[in-house]
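Next come the chains, spelled out residue by residue.
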Amino acid sequence: MTDDWKRQLDQVHAGLVRRDDPAELVTEADAVDASYRYPQLAVRGPVFGLAVQDPVVGPRWRVVAPVVDGMPQQARDALNSMLWFKAKDDTDDPAVRRDLLAAVAILEREPVNEVEVRGARYRVVRGDEFARSGADGLEPPRPTDPEPVERKWSGRHDPPSADLGFVLDPAEDTSGLMTSALKLGLREFAYTGARFPVDVRADSVRAIASHPDILLMPVGFGVSERGTKGWKPVSSLMPTPHDARRLLYDSMTDAWPMLFRFNPEETAEHARAAEEFKALGRANEVRVADKLYRICRTERLVRVGPDGPEPPRPSDQDSFGPMQIHPTMDEDGTIHPGD
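Numbers given to residues run from 1 along each chain, matching the order in which its sequence is written. Confidence filtering applies because this is a predicted model: local features only for residues at pLDDT of at least 70, side-chain atom pairs given and counted only at 80 or more, and all residues used for totals across whole chains, interfaces and linings. To obtain the side-chain values, all non-hydrogen atoms of the structure were used and water was disregarded.

### Describing helix H5 (residues 177-186)
When accessible area is computed with a 1.4 Å probe and restricted to protein chains, residues below 20% of their type maximum are described as buried, those above 50% as exposed, and intermediate ones as partly exposed. What counts as a helix is a DSSP run of H or I of at least four residues, what counts as a strand is a run of E of at least two, and both are numbered from the N terminus. Along H5, the residues that are buried comprise Thr179, Ser180, Leu182, Lys183 and Leu186. When H5 is viewed along its axis, its buried side chains cluster within an angular range of 160° and face the same direction. Arc definition: directions from the helix axis to the C-beta atoms.

Structure below.
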C-alpha cells in the first residue's frame, strides 16, 4: 500500500469515527460482512456509456448516457442520436445547429470516441462490470441497499438511471472505508488468463499506467440465471433491488411468454411463480421448473487519467460500424424524411 493511499484510508476511517452516523456505520458493517461472504470478484467484461465535459457547467466530466452498453459503437450511436435531437429540438440558431450536425456527420462515418461541439467535449467512456461471488453464487442485494419509497408492482415501470449526471471524479465517489479499500485493490486490476486474447491483456496492462485512478459507478441490480456453467445475466441493470424484482416479475408474466413462445403450461407455471415471488415482497430468488433466478448486485469501475475517463481500448470489439441513423437535417431545421 502506498503512503498516499494509506493516508486516504486513515482519513476515511477517522471521518467515520468523528461523524458517528449510525446509518453510515451500519452500511459500512454491511459492506464488511459482504466481503467475507462474497470474497471473489466475478468480472463480466467491459461496458460503455457517454460523458460530457462542458465548460458552461464546469471542468468535471458528467455521465449523459448510462455506462451499460456492451459495445463502443452502441454508445457512439447514442451520441449520434443525442446530438441530432439537440439540433432538432434544443436550438433555433442555425450556427449552433450546423455545428451539432457536423458532429453527427462525423459519427455517421467514423468510429470516433470523442467529438467537440462548441467547447463541450463528448466522450465514449469505458468501464468494467463485476459482481461479488461466494460459496452460494453471486451476491444478492444487501439489507442497506436503498429501495424506492413506494414499491409498485403495476403501472408504468421506467425508473431513471442512477448514472445520469454522475460526476466522473475519483475523489467524489468514495463513501466509506470499504469502498476506498476496494478502489485501492482495483488499481492494479488487469485481465489475465489464456481465455483473454493477447491484445486484450496488453491493453488492460497499459490502462493501469495511462488511467491509474479508479472510480466506482452507482451500484446496479439485475436478474441472473443459474445454469450448468454458472450464473449469467438475463436483464438490464436497474437502480434499486425492487426495480430489478419488478423487472423479473414483469418478465415472467408478460415478456418471456411472448418472447420465448411459451406453451399454455409454461405460461401458467411462470405466472404462478411470479405471484409467489411478488407475495414475498423482498425475495431475491425464484425457481421455475429447473431454472433459478436471482436478483444480483452489480458494480462497475471506470478508470480515470489526467485527461479524464478512459475511452474504449483498441481491443474492444464492435459487431457493426457507424451508419446514418436519422434523416438528413438542414441548418434551418428542415428534415428530409426520404434520406
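Still more ground to cover, so stick around.
### Considerations on the packing of aromatic side chains
Any aromatic ring pair is given by two values, namely how distant the centres are and how the planes are angled relative to each other. For this analysis, a ring pair means two rings from Phe, Tyr or Trp (six-membered ring only for Trp) whose centres lie within 6.5 Å, classed as stacked if their planes differ by under 30 degrees, edge-to-face if by over 60, and tilted for the remaining angles. Enumeration over the complete set of coordinates arrives at seven aromatic pairs. Aromatic side chains Phe189 and Tyr191 sit 5.6 Å apart centroid to centroid with 75° between the ring planes, which places their arrangement in the edge-to-face category. We classify Tyr191 as buried; its relative accessible area is 6%. Taken together, the ring pairs in this structure connect Trp153, Tyr249 and Phe277 into an aromatic cluster.

### Notes on a negative patch on the surface
On the surface, Glu265, Glu266, Glu269 and Asp290 cluster together to form a negatively charged patch. Turning to its location among the elements, Glu269 is positioned in helix H8 (residues 264-280). Exposure above 30% relative accessible area and the lack of any salt bridge qualify a residue for a patch; like charges then connect within 9 Å, and the nonpolar side chains Val, Leu, Ile, Met, Phe, Trp and Tyr within 5 Å. Residue burial considers only the protein chains on display, and all accessible areas are found by Shrake-Rupley using a 1.4 Å probe. For salt bridges, the criterion is a side-chain nitrogen of Lys or Arg within 4 Å of an Asp or Glu carboxyl oxygen. Residues scored as charged are limited to Lys and Arg (positive) and Asp and Glu (negative), so that His and the chain ends carry no count. Working definition for charges: the position is that of NZ of Lys, CZ of Arg, CG of Asp or CD of Glu.

### What about the nonpolar core?
Of all hydrophobic cores here, the largest spans 22 residues; its most connected members are Leu79, Leu83, Val115 and Tyr122. Taken together, the elements giving at least two residues each to this core come down to strand E1 (40-53), helix H3 (72-89), helix H4 (94-109), strand E3 (114-117) and strand E4 (120-134). Residue contributions to this core peak at six residues, all from H4. Every residue in contact with Tyr122, bar those within four places of it in the chain, is listed here: Ala51, Val52, Leu79, Met82, Leu83, Lys86, Asn113, Glu114, Val115 and Val117. Counting 18 residues, the second-largest nonpolar core is a separate cluster that includes Trp153, Val223, Ala274 and Ile295. Side-chain atoms within 4.5 Å link the members of a nonpolar core, which is a set of buried Ala, Val, Leu, Ile, Met, Phe, Trp, Tyr and Cys residues. Contacts are residue-level and defined by heavy atoms, with any inter-residue pair within 4.5 Å sufficient.

### Quick word on a nonpolar patch on the surface
A cluster of nonpolar residues, Phe320, Met323 and Ile325, forms a patch on the protein surface that exposes about 230 Å² of accessible area. Relative to the helices and strands, Phe320 resides in the loop between strand E11 (308-309) and strand E12 (328-329).

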